[in-house]
Each structure stands twice: as structure tokens, then as C-alpha cells.
Amino acid sequence: MMPPIKEPDLALAGVALLVMFTFLMWHDSPIKNSRPLDPYVQHQDPRITGYGYESWLWQDPFEYDLNSCTQGDQSSTTCVSDKAEDMQNGETVKKDYVTILAPVLKAPNTLENKEIRTRYRYAVIAGLIESGYRPREPNRLHFFSSQKNSSGNQKNVSGNEYDARWERFYKESKPDIVVVWMNSEIFTNKDKLTYVSENLRKFIDKSNKVYIYDLNNIIYQKQIKAPVAFINNISFVPYLNSDEALGALTENLTQNLAKELNLRNIFRSSEVGIITEQGSEDARNLANNFLEHISKHFVERSSCHIPVMNARLPVMNAQPPVMNAQPPPCKISEIISEIKNVFYLKGLDANQTIIDKQDKNGDYQAASKQAERRAVIDLHNPSPLPVGPSQVDYLHRLAKEIKNSHNDINIDKRDSGIKAVGIFGSDFNDKLRILEALRAKMPEILVFTTDLDAQMFSPQHWQAVRNLVVASHFNLRLGPKYQEHFPGFRDSQQTNIFYHTIKLFKDDVKNDDKKPEPKIFEIGRNGPVLLAQEKDEQKKDDESSIDPLDNAQEQATEQLGLLGGITLVLIFFLWQVRPNSNYLIGWLFFGSLIIFPIAYAATIDTLGEPLSFKDGISLWPTVFIQIIATLLACAFIFSTKRILEDNSKYINRQYFDTVSNTVDGGVAWWPSLIFILSGFFYAKNDVSPSELQLDACLGVLLLLTIPYLVTSEDEKGNFRDIKNWAERNPNILGLKDLWQEYCAYGQFEHRAYRVVAIWLCFAIIETLLIYLLPPWPSPCRGDTCDWAAWVGVISFVVIMILLFFILDAVRLNYFWIQKLRTKHPLLVDKTTLKKEDDLKTFDDARINKVDSLRSLEQIIDLVAGRTLKVDRLIYFPMLCIMLMLFARTAYFDNQEFPLSKGITFAASISLLFFAGFMLRNEAGHLKRSVIKCAENLGKDCFSCKTEVDAAINRAKKTEVDEVINRINNVNKGAFEPMFEQPVMRATLIILASIGIFAAKYLKLFE
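A. Inspection of the overall build of the protein chain at higher detail. Along the protein chain, the regular secondary structure elements total 26 helices and 18 strands. When each of the 1006 residues of the protein chain is scored for burial, the buried share is 50%. Of the contacts formed within the protein chain by residues at least 6 apart in sequence, a portion of 77% connects residues at least 24 apart. Of the accessible surface of the protein chain, which amounts to about 48600 Å², a share of 57% is contributed by carbon and sulfur atoms.

Pasting the structure below:
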């Protein structure tokens, strides 16, 4: 007897996998505070010469504090002047020049304001250089201060708060440009502005043109326009001479945001929430305009209307105008009141570090350490303690409140609660804090805001800002005609300043009547992705466009063409090298004909999801992978039918020398019809629960189960026939009879009945489960939502059908092996036989010992050959499920795998694995029973008395040992070693897929 084959020892590999999974599960890094500490290098006081000091073009114009030169030595007070004429001291100024007054935030002197001043100065200087101007002193910044005396006392009221910094730019044959940087607080107080304006008047009157850059929207306020009205040739930049101008910009921006939400399937006011900075007038205006526009969109989709009077000409004895009777009128105020509006105070993290005295290393280092301690957030407990000045804990409670609203069971529409949250504020770091709090609780929630910022593209902020929808008038750079010599800016406000600067001073742009239009962007992995708002909107790709070139659509079309060519070549190559592959080649070609036209339609659909594979903002890769999984599942279903039928024909020829007709089942018309109807109603409820509600869907599914419940046991197609076949106790049967019964029950028509019955049960469970665990809304856009929803549910249904086909094949094989062990004449327990015919059959089977041994060996070979084909079918659904899990990863889009479908998949796979392990266990029992029977056959002649009988007995004993040895050496099919079993290997494969699914919910990789 050969020694048994040792099964591979994978215990060490299993421990290693367990250690790795545990490491991934618990290893994470704390999230640092999104607000940076001081990124600027600490410089010593610059060298002062006359009325200027060293300052490079990229520095903050107020980085050097003039108060420091009045402290200490008395002689240093000469560095400050209280006369505007000193702007011209030591300089040769042209008779005609242009003045730009640029008010910026000087106080409080925080890191945020310092960064804003640095950005604004860079944008203005970049615009002047782009227009052909050059700085006269690139490393020098001039200053002067204006001090208001009180009661004759020379001591100023509030130090040098009226001081200004200025620099000069020149261009051949053009007037010089003087840029004056001023404290914007001057423009918020009429008395201060009047005093400073009078002091600057002598200098400003010599300018042939004066521009005031309203960098902080201060000039917009009516009460501060009057004090500067005396200035000749004054213009406000941007062109905001009226409330209507600024209002129009805000209207366009918020109107596009409302359109975008409409494209995102946000149709109810209860599905929107906004978070607004309370102290910013601009943020409040944006929020109010957005509420007005989004409410109008909700009215358009509701059953009510805005009342409109019937237009009639006045006639004698005419009836008074009447209101339209249908539908009932809407109240915009009521719709707005349903939208959740939450306020926050600027400086959410209480990290507004004052930098006036950062030159003191001790104070600066202490502030840095304190900010660093505040910055650490634990991933397992991200909500900070509700103590101290920070407002972050309020945001986490708000996020939890929004998330809890989605857990409410809503039978009518299934998904409830807020689906989209808008953030209107002036500080990007505050927005980032809000995003972090929302994404910590709801990674897939749709968030929208205004104004692009380059920090949104930072990899360290990706988890928070991914798929953020941003409305902005400008990108971070302009088209080639407008911006040729400078790279992209840090935020859209810099682009705005740059554009209006070159609009004034660049020769080939001055007469350009093009105006920037509001745009919608979605933050992707590689930067912002422009989203069209109109069906016929053409993306500008000419060099004269204000916006940068955007050829994403053309690039996607060319990529599809190249991929299509590669696919066709690979299919042709496979056809040439693989024999008997016509079926496979036809299926691959058919799948390509489905996927590539859909992909092309996606590229030309401007209102749908953008087609992208790497930006993380497109559902199309998910749709394509799900289509591939569906096509594979369909192919696997037919392959399963063909593999089992071909194997049955082979066994008939090999073991029984017959060709049985039982393997060719009829067409399963009735179960096919039930499956199509049940699948459609289930999918319709899954995709549109408001159109086909739960009670109607359940009613249809239950109605379709009635034919199975009322079918008699003797009628074909009863879904309980395998159970009845296993439970009934007929006469003992031979190997051929049991095989024919097995083939009869394995006909495709009968199998289809049982598979559809299992599907109906799981469809009812899944329909109820999805209301218990409603999925988060898909991050889709436009018509892509319908594509993604229908493809997703169809792929789920088809893969479940494939899984149930394999499960039925394994179950039927299990009961057939059990029948062999308990009903075969050589293996049946004689004590269970009652009828004389059964006892006679039992005895007749043992008359010829040689034939009995061959029959036992034939049983093992037959079971091994059949289970070899059946066991390997388990790879089919595992591959499809892996594709489904991979398709719903967050790499392609900010999406989740529905937990209800994950549970259904897990339950089905568990049943399949359980059936596989039970099949192996039953095959092991059969093998032991066969060996025991063979041993008993060898003992029947041990009582022989003559030497001849003894010799015959020894020969038979030797033959028995050889048969037992051959049976023990059968190691294929269900008799393979444990870790070589397909069910075991499939278990290891599916664990990788479950790891992807678990990582999504356990947030292992965030």
C-alpha cells in the first residue's frame, strides 16, 4: 500500500496572513491639523534706507511692522513720515502715472491674513509683469504713514495704523504704475477714510487714473463710497460700481450650483443642508442666493407651482383676474425653511496665531507646540473633547446628526435625510475642518462650496476634499492668450485679481469684451475636473479663450479608440492561437460591442459623469467592470450547463456504455418567465423605490412564489424535489439506477425551477434588507445615475443566479453521494431492509466477489470524476463577486458597496462553501464505507478448510488489498487533499475580496 499523500501545511502561511490583516486593521497615522503653522521663514528686521526697506516681490507688503522702527533708539523715528508727498522723495516720478490703491487686511496680523496679503500682492505684480511692466526696484518697498493727532498731542491714536506701502512699475512709452498697499480697515470707517483721503489727495490728484482694487469686497458697501467720490478718474476693480453688478456675479454662481445639485438627483429641500460662516457678509449673500435658486428647482419638480396671474386685456365688465387653479400654489419660504441652515464662527480650530511678535523664539515655539498638540486626531475616536475654544466638536455632533437621519426607516422613499451639504465661508482651513468632520462620519456624502484653492489638490487632504463640488468664476490659471509667463495660482481669487490687472494694462486684452462665466469643478485625484452645465455647452479649446484649454473629451475619445484597437488585436490573436475558441471569441467580441459604444456615449454626454479612470471622480469604470462581471456570469451559466452535460455524457459512455437522453433537458420557459418578472420588479424597486414602493414589490414577489407553493410533489419542477428525493426511502438501487435519477434531477429545466425558487427567497430577503440598511446615494451625475443603478442591480441579479446554479449543482451532487452510500446494494445497512426483494438484491450483489470489488472501485472513480467537474464550478461565482467588489472600491469614485447586498452575497457564499465542505465530508464517508465493504468481502472465505480453498482465499485477499490500495490512492475531485480542494482555494480567494469590502467599512486605508 502506498503511503498517503501528505497535505501541504499552510498553517504558517495562515498565521502570516492573520498577522498582516491585524497590522492593516490597527495601523493608522493621526491626521494632522489642516491649518499650517507659519510657513514663512523668520527674517530679521530689514535694512531701512530713507523711506524704503528691503522687500522682495514675493513677500507680504506688511511683513515689516513700522512700529518697530519707532521703538528703542530715538534716532530711528526718522524712518516714519506723516506726509503723503514723501512717496516721491528720492525718486524721479513721471509727470503722468497711474495709481492703484490696494486695500488688504492688516489687522489682526494672523497667519491667514499674512498668506492672503502675500497672494494678493503676487497676483497684482504677476498681472503687471504679464502686461509688460517691470518693477523699478524689485528688492525694495517704500512706505509712509499718516498719523492723526488728538488734541494737539503728536502721539497718534492707534499707532501707525494708517501707514501704507508702495512700489512702482514702468514700461517703455507708458505711464508708470504706482501700487499702494493700504490697510482695509481704513475703508470700514468713514472718519478714517476721509482723513486719509485728504492726506493722499495731493498725490492722487497728480495721477491721470486711479484704480481701487476691492480685494476684500469692502468698496461694495454703500456707506464708504462717498468719501472717495472726490477722486478724479476713479474706477473700482473688479467692476463693482453697483449692487446689481456684484449681485449678478453671485446669482450666476449660485444658479450653477443649484443646477449641479439638480443633475445630482437632489430633488427635495429636506435633502440639502448648508453650513455658513456667520461673520462673513459675502458668505451669507451666497447662502441666501443659493437657497432662493435651489428652491425654484424644487418647485419645478414638485406638484405645486408659483402663482401667476392670468394675463388679460382690460375689457368692459370683465371678471377680475383669477389665479391658476391647478396645481396648488407653493410658498418659497416654506421650502427654504425645510433646508437645514447651520452657522459657524470663523476660526473653527481656534488656531488664529498672532505673528506680530514671532521674532521672540520662546513665544513662537510655545505657540507651535500648543498648536501641534491640538492638531492630532485619533482615527478611532476622531471627535475631539468638547472643551476649549475650538468649535470642531460641534461639527462632529452635526455630522453625527446628519448621519443618523439616514438610519431612519422610510417605507415610502427608502432613503431619507440630508444628501448634500454646502459650505459657504471665507477661510479654506475652516472649510477643510468641516469637510474632515463630515467625511469622518459620512465618507460618501456630497459636499459643495465656492472658490478653488490649490490646497484642495494636496494629497494629505485627499480623504477630506475628494469629489468636492466647487463653484468658481475662475480656474487657477487663464488661457494662453491671457496667462503666458506665470504658472497656476494658489486660489481662484488670485486668478481674478490677475485677470482684472491684465484687463487694464495688457495691450491685446484691453479691448477684449469676453467675460468670465461661473464654472463647476469636481476635485479629483489629479486636480479639478470641469463639469458642463448645459447640454449644448461646448468646451472652449481655442487659444483666445479666457479659460485654460480643456481637451478632456477629445483625449477620452482618442483613448477609447486606442483601447478598442488593442482589444480587437488581442481578440484576433486569441482566435489564432487557441483551438476550439469560437464560442469564447464570439462572447469577447459581443462584450466589446456592448462596452465601447457605451463608453463613447459617456464621452459625448456633457451632463453626465465625466469619463475618467484615474481621477477618482467617475462611476463609468464601475459600470464597465459590472458589465464585464455580468457578461462573465452569463457565460459561466451556459458553461456550467455545458460542462455538466458533457461530463454526464462521458460518464454514460465510460461506465454504463449507454447514451442517455436524460441529460438533455427541455427549455425552461416557465421559470425563465418567473425570473424575468421577479428580476424586473426587484430591480425597479431597487433603482426607483419611490416609483415602485415596498408593498407593491413584495406583493409581486410573493405572488410569483405561489406556483412553487401549490405544485404537487409528483409534478416536474417542484422546488422541494431534491429534498423529497433525499428523504424518501425507496427500494435499494444499483449504481446505474442512482446515476439515472441523478441525471434526471440535474436536467436544466428542473435545475432552473429550483434556482429561480432560491432566487425568489433571496430577492424577498434583499428587498426587506435594503430598507433596513439603506445604501448611501450614489455619487452620480445626470443620466449616468440611471445607467449605474440599472447595471449595478442587473449584475447583482445575474451573479446571484450563477451562484444559485452552482449551489444547486453541489447540493444535488451531495445528495447523490449520500444515496450511493445508503441505497447501493453493496453499501446499504442490511438491518434497515424489510422487504424480501431488497434482501434478495442485497445477497445477489455479493455472490460474485470479483464483480463486487470492481463495482466498489467503480463507485469511487465515478464520484471522483463527477465531483472533479462540480467542485471547480465554485470558481465561477467567486471571480464575478471579486469583480463586483473591485468595481465598488473608492478608487474610481467616492462610493460604497451597499451593505445589504454585501450581507446577501456573504450569506449565499456561506451556503455555497457549506455545501462544498459537506460534499467533501460525504465523499469521505462514502470512501470509508467502500473500503469497509471491500474488507468484509475479503473476510467471507477465511473459514476455508482445504488448501485449495486457502490458496483461493489468499488470492482474493490479495485482490481485495489491491482494490483498497487503488481506492485509497484516488485523490481527485472530492477526494483531493483539503488545501487542494477548490472550495478551500476559493475560500482564500474570497477572503481577499472580503478584505476589500471590510476595508471600506473599517476605514483601514484612510
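B. Layout of the state of the cysteines. Enumeration over the complete set of coordinates arrives at one disulfide. Sulfur-sulfur distance for the disulfide between Cys780 and Cys785 comes to 2.1 Å. Taking the torsion about the S-S bond as the criterion, the Cys780 to Cys785 disulfide, at about 105°, is right-handed. In terms of burial, Cys780 and Cys785 fall into one category: buried.

C. Representation of the sheet that holds strand β18 (residues 527-531) in the model. Strand order in the open sheet formed by seven strands is β13-β12-β14-β15-β16-β17-β18, with mixed pairing between adjacent strands. The open sheet has two free edges, formed respectively by β13 (340-344) and β18, since each of these has just one partner strand. The mean inter-strand angle of the sheet, taken between neighbouring strand axes irrespective of direction, is 25°. Inspection of the sheet shows strand β12 (residues 272-277) paired to β13 by five bridges, in the parallel sense. Its bridge partner lying in β13, Gly273 is registered against Lys340. Against the sheet, helix α9 (residues 428-441) contacts β12, β13, β14 (420-424) and β15 (446-450), and its axis sits at roughly 175° relative to β15.

D. Molecular detail of the environment of Phe914. Mapping Phe914 onto the fold places it in helix α24 (residues 899-939). Since its relative accessible area comes to 53%, Phe914 is described here as exposed. The spatial distance from the C-alpha of Phe914 to the C-alpha of Arg811 is 9.9 Å, given a sequence separation of 103 residues.

E. Focus on the pairing of β14. With five of five residues buried, β14 lies mostly within the body of the structure. By the alternation rule, side chains of β14 split into Ala420, Gly422 and Phe424 and Val421 and Ile423, which are all buried. In the classification by handedness, the crossover that spans β14, the intervening α9 and the parallel β15 is right-handed.

F. Summary view of the packing of helix α14 (residues 620-656) against helix α20 (residues 784-823). Viewed as axis vectors pointing N to C, α14 and α20 meet at an angle of 25°, and their least axial separation amounts to 9 Å. Here α14 lies roughly parallel to α20, going by the angle between them. The way α14 lies across α20 gives a crossing that is left-handed. In terms of residue class, the contact of α14 with α20 is made up of 20 nonpolar, six polar and no charged.

G. Broad picture of the pairing of strand β17 (residues 519-524). By the criterion of burial, β17 is predominantly enclosed, with six of the six residues buried. Alternating positions in β17 separate into two faces, Lys519, Phe521 and Ile523 on one and Ile520, Glu522 and Gly524 on the other, with burial throughout. Direction of pairing for strand β16 (residues 469-472) relative to β17: antiparallel, over a ladder of four bridges. Bridged to Ser472 within β17 is Lys519. As defined by bridge partners, β17 adjoins β18 across five bridges and the pair is classed as antiparallel. Paired with Phe521 across the bridge in β18 is Leu530. Between the antiparallel neighbours β17 and β18 lie two residues.

The rules behind the values
- Residues numbered from 1 in each chain as written.
- Predicted model: local features only at pLDDT ≥ 70, side-chain atom pairs only at ≥ 80, totals over all residues.
- Heavy atoms only, no water.
- Helix = DSSP H or I, 4+ residues; strand = E, 2+ residues; numbered from the N terminus.
- Buried < 20%, exposed > 50% of the residue type's maximum accessible area, 1.4 Å probe, protein only.
- Contact = heavy atoms within 4.5 Å.
- Areas by Shrake-Rupley, 256 points an atom, 1.4 Å probe, with all protein chains shown as cover.
- Disulfide = S-S within 2.5 Å.
- Pairing = 2+ DSSP bridges.
- Axes fitted to C-alpha atoms, helices over the stretch in contact; angles between N-to-C directions.
- Right-handed = clockwise from strand over helix to strand, strands pointing away.
- Parallel < 35°, antiparallel > 145°, perpendicular 65-115°, else oblique.
- Left-handed = near helix turned anticlockwise from the far one by under 90°.
- Nonpolar A, V, L, I, M, F, W, Y, C, P; charged D, E, K, R; others polar.

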